[in-house]
Amino acid sequence: MRFEQTSDLLRYVRDLHEELADAYSNLAEKVPDRRNRMLLDYMAVREKGGAESVAAFARNSTTLAVKEFDPAMLNPVRLRKRLASELQPDSSTDEILDFGLEAHDWFLGLYDTLLDKSKTEELKALFKNLRDRTSKGKEKLARNANMLMDF
């Protein structure tokens, strides 16, 4: 998908976070294992938070910052295919967690690319903040998933 303005890109990224959250929630309803259900519910809440953060960053950026941008391409096909084909009700906890970490890696790669392409300081700050938040979210997911498996 091609985007001309940062605001369009951020809206799409927000929608992608919401799509992941919905997929996690829907799968949680079908998963027989209680721990996997808890992990998926947690991951859904985190993705909803990711969507809200992206929307907040877009709202709090100046109009100029969200209107300027070099054309950008975004291709979440691999992520979506894996979500559709590999996350099933009988997926193991490790498979669920691996997917969640891979999704974070996808967003981290996106934000790194956008950070490198950014020409203004405000856009650089925007994508750096999103990258930093995603990095912390990935660490928190790994830590909390490990705690969940310990009890």
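Residue positions within a chain follow its written sequence, with the count starting from 1. Where totals are concerned, whole chains, interfaces and linings use all residues; where local detail is concerned, this predicted model gives features only for residues with pLDDT of at least 70, and gives and counts side-chain atom pairs only at 80 or more. For the side-chain quantities, the full set of heavy atoms in the structure was used; hydrogens and water were omitted.

Some points on the nonpolar core
Thinking step 1. Nonpolar core, defined: a set of buried Ala, Val, Leu, Ile, Met, Phe, Trp, Tyr and Cys residues in which side-chain atoms within 4.5 Å join the residues together. The buried label goes to any residue with under 20% of its type's maximum accessible area, the exposed label to any with over 50%, and the partly exposed label to all in between, with areas taken from a 1.4 Å probe on protein chains only. Leu20, Tyr24, Leu39, Phe99, Tyr111 and Phe127 are the most contacted members of the largest nonpolar core, which has 36 residues in total.
Thinking step 2. For this core, the secondary structure elements donating two or more residues are helix 1 (6–28), helix 2 (34–60), helix 4 (77–86), helix 5 (93–117) and helix 6 (121–150).
Thinking step 3. Examining the composition of this core, we find that 10 residues originate from one element, helix 5, more than from any other.
Thinking step 4. Contacts are assigned to residue pairs with any non-hydrogen atoms lying within 4.5 Å of each other. If near-sequence neighbours (up to four positions away) are discounted, leucine 20 is found in contact with Glu47, Leu79, Leu83, Phe99, Ala103 and Phe107. In DSSP terms, a helix is any run of H or I states spanning at least four residues, a strand is any run of E spanning at least two, and both are numbered starting from the N terminus.

Considerations on a negative patch on the surface
Thinking step 1. Candidate patch residues must exceed 30% relative accessible area and have no salt bridge, after which like charges are joined if within 9 Å and Val, Leu, Ile, Met, Phe, Trp or Tyr side chains if within 5 Å. The accessible surface values rely on the Shrake-Rupley method and a 1.4 Å probe; as for residues, cover is taken only from the protein chains in view. Salt bridges are defined as contacts in which a side-chain nitrogen from Lys or Arg sits within 4 Å of a carboxyl oxygen from Asp or Glu. For this count, His and the chain ends are skipped, Lys and Arg are scored as positive, and Asp and Glu as negative. Every charge is mapped to an atom, namely NZ of Lys, CZ of Arg, CG of Asp or CD of Glu. Where like charges cluster on the molecular surface, the negative patch consists of Asp90, Asp94, Glu95 and Asp98.
Thinking step 2. Position of aspartate 94 relative to the elements: it lies in helix 5.

Some remarks on the pattern of salt bridges
Thinking step 1. For the coordinates displayed, the defined rule picks out 11 salt bridges.
Thinking step 2. For arginine 82, the salt bridge identified is with glutamate 102, shortest N-O distance 2.2 Å. You can see arginine 82 sitting in helix 4 and its partner glutamate 102 sitting in helix 5, a full 20 residues away along the chain. Taken individually, arginine 82 and glutamate 102 each receive the classification buried, so the pair is uniform in this respect.
Thinking step 3. We note a salt bridge from aspartate 112 to arginine 131, for which the minimum N-O separation is 3.3 Å.

Here's the deal with the environment of alanine 58
Thinking step 1. Within the element layout of this structure, alanine 58 appears in helix 2.
Thinking step 2. For the pair alanine 58 and aspartate 8, spaced 50 residues apart in sequence, the C-alpha to C-alpha distance is 9.7 Å.

Brief notes about the environment of arginine 133
Thinking step 1. Within the fold, arginine 133 resides in helix 6.
Thinking step 2. We classify arginine 133 as partly exposed; its relative accessible area is 28%.
Thinking step 3. As for arginine 133 and valine 54, which are separated by 79 residues in sequence, their C-alpha atoms are 9.9 Å apart.
Thinking step 4. For arginine 133, the residues in contact, after removing those within four places along its chain, are Gly49, Gly50 and Ser53.
Thinking step 5. As used in this structure description, the phrase polar contact means that two N or O atoms lie within 3.5 Å; if the pair is within protein, one of them must be able to donate a hydrogen and the other to accept it, and residues adjacent in sequence are counted only when both atoms belong to side chains. Among the polar contacts made by the side chain of arginine 133, one reaches the main-chain carbonyl oxygen of glycine 49 at a distance of 3.4 Å.

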